[in-house]
Amino acid sequence: MQKLIVGNWKMNGLGAALDEAQAVAAGLGAAAARVGICPPATLVERMSRALAGTLVAVGGQDCRAEASGAYTGDVSAEMLADAGACLVILGHSERRAGFGETDALVAAKTEAALRAGLEPIVCVGETLAEREAGGALAIVTGQVRGSLPAALAGRPFAVAYEPVWAIGTGLTPTLEQIAEMHAAIRAELVATLGEAGARAPILYGGSVKPANAAEILSTAEVGGALVGGASLKASDFLGIIAGA
Ligand code: 13P
């Protein structure tokens, strides 16, 4: 199956950065992976227009569970879809840690994404302390159980395994650790969602670079990558996509 490679620009990118997104679209080969870029909310509409007709999908980085209302500063899944998004990242560790997002809230946001016709990418991952205490598998499979609503069955979605200690640090788990975790996530997905859980891609995220992308992407049960820092430059992101 085609790999899914998604760039998470986080809180980076002014209008001038659309040039990088267009360079990614221009540099994609015919047999490329499925590719997406999730810019800050302010750029979703402009990027959707700039990339219309290309193979690069545009996504949001978060959404509110409610469709509309008195929620100052928030953006709903419907608003992202209206701006041209087809994907949305949910439950990123930076939101779980910085904004107190629980599994239940992530599940509600995932249902909102489905309601709006967006493909959710639900993030899970353990902290270094949790890994060192031997609890990584239990923590992550628990997040999968709690963050993925039954409504996902029959709908396109992805899970992203992002060990918190590998994000932005240059550290990555060993390929054995990635394979072990992805197998555990797959087993949990099948147990909770049946056939739908057997098909959903499980992305790896955390310090993915052109130099390590090919080996990570060829690891068992790695269905793609969620890329932070290295997705901001078209040449680096294309180098990662080339590893798929
Ligand atoms: P880095 O690729 O910068 O480590 O970030 C990973 C990430 O958090 C993607 O969502």
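Parameters and conventions
Residues numbered from 1 in each chain as written. Predicted model: local features only at pLDDT ≥ 70, side-chain atom pairs only at ≥ 80, totals over all residues. Heavy atoms only, no water. Helix = DSSP H or I, 4+ residues; strand = E, 2+ residues; numbered from the N terminus. Rg over C-alpha atoms; globule rule 2.2 N^0.38 Å. Buried < 20%, exposed > 50% of the residue type's maximum accessible area, 1.4 Å probe, protein only. Contact = heavy atoms within 4.5 Å. Areas by Shrake-Rupley, 256 points an atom, 1.4 Å probe, with all protein chains shown as cover. Lys, Arg positive; Asp, Glu negative; His and termini not counted. Charge placed at Lys NZ, Arg CZ, Asp CG, Glu CD. Salt bridge = Lys/Arg side-chain N within 4 Å of Asp/Glu carboxyl O. Axes fitted to C-alpha atoms, helices over the stretch in contact; angles between N-to-C directions. Parallel < 35°, antiparallel > 145°, perpendicular 65-115°, else oblique. Left-handed = near helix turned anticlockwise from the far one by under 90°. Nonpolar A, V, L, I, M, F, W, Y, C, P; charged D, E, K, R; others polar.

1. Notes on the overall build of the chain
Consideration 1: Of regular secondary structure, the chain possesses eleven helices and eight strands.
Consideration 2: Relative to the 2.2 N^0.38 estimate, which gives 18 Å for 244 residues, the radius of gyration of the chain is 17 Å and therefore close to what a compact globule would have.
Consideration 3: With respect to the principal axes defined by its C-alpha atoms, the chain has extents near 45 × 45 × 35 Å.
Consideration 4: Burial analysis of the chain (244 residues in total) assigns 51% to the buried set.
Consideration 5: Across the chain, every contact between residues at least 6 apart in sequence was considered, and the portion connecting residues at least 24 apart equals 72%.
Consideration 6: Carbon and sulfur atoms provide 57% of the accessible area of the chain, an area that totals close to 10,200 Å².
Consideration 7: Counting 17 positive and 24 negative side-chain charges, the chain places the averaged centre of each group 3 Å from the other.

2. Observations concerning the pattern of salt bridges
Consideration 1: For the structure shown, the criterion picks out 15 salt bridges.
Consideration 2: Between Glu119 and Arg34 there is a salt bridge whose closest N-O contact spans 2.8 Å. One end of the pair, Glu119, is in strand E5 (residues 119-124); the other, Arg34, is in strand E2 (residues 34-38), and 85 residues separate them in sequence.
Consideration 3: Overall, Glu119 belongs to the buried group, its relative accessible area being 11%.
Consideration 4: Classification of Arg34 by relative accessible area gives partly exposed; the value is 33%.
Consideration 5: Note that Glu188 is salt-bridged to Arg145, the shortest N-O span being 3.0 Å.

3. Here's the deal with the packing of helix H10 (residues 210-217) against helix H11 (residues 234-241)
Consideration 1: At a minimum axis distance of 8 Å, the contact between H10 and H11 shows a crossing angle of 25°. Classified by the angle between their axes, H10 and H11 sit roughly parallel to one another. At the point where H10 passes H11, the crossing takes the right-handed sense. Contacts between H10 and H11 pair Pro210, Ala213 and Leu217 from the former with Asp236, Gly239 and Ile240 from the latter.
Consideration 2: In terms of residue class, the contact of H10 with H11 is made up of four nonpolar, one polar and one charged.

4. Thoughts on the environment of Tyr71
Consideration 1: Mapped onto the elements, Tyr71 comes out in the loop between strand E3 (56-60) and helix H3 (77-82).
Consideration 2: Accessibility expressed as a relative area gives 32% for Tyr71, which makes it partly exposed.
Consideration 3: Tyr71 has contacts with Arg64 and Glu66, leaving out every residue within four places of it along the chain.

5. Considering unusual backbone geometry
Consideration 1: At Lys10, a residue that is not glycine, the phi angle is positive and equals roughly 50°.
Consideration 2: Checked against the element boundaries, Lys10 lands in the loop between strand E1 (4-8) and helix H1 (18-27).
Consideration 3: The backbone of Ser207 shows a phi angle near 60°, a positive value even though the residue is not glycine.
Consideration 4: The topology assignment puts Ser207 in the loop between strand E7 (202-205) and H10.

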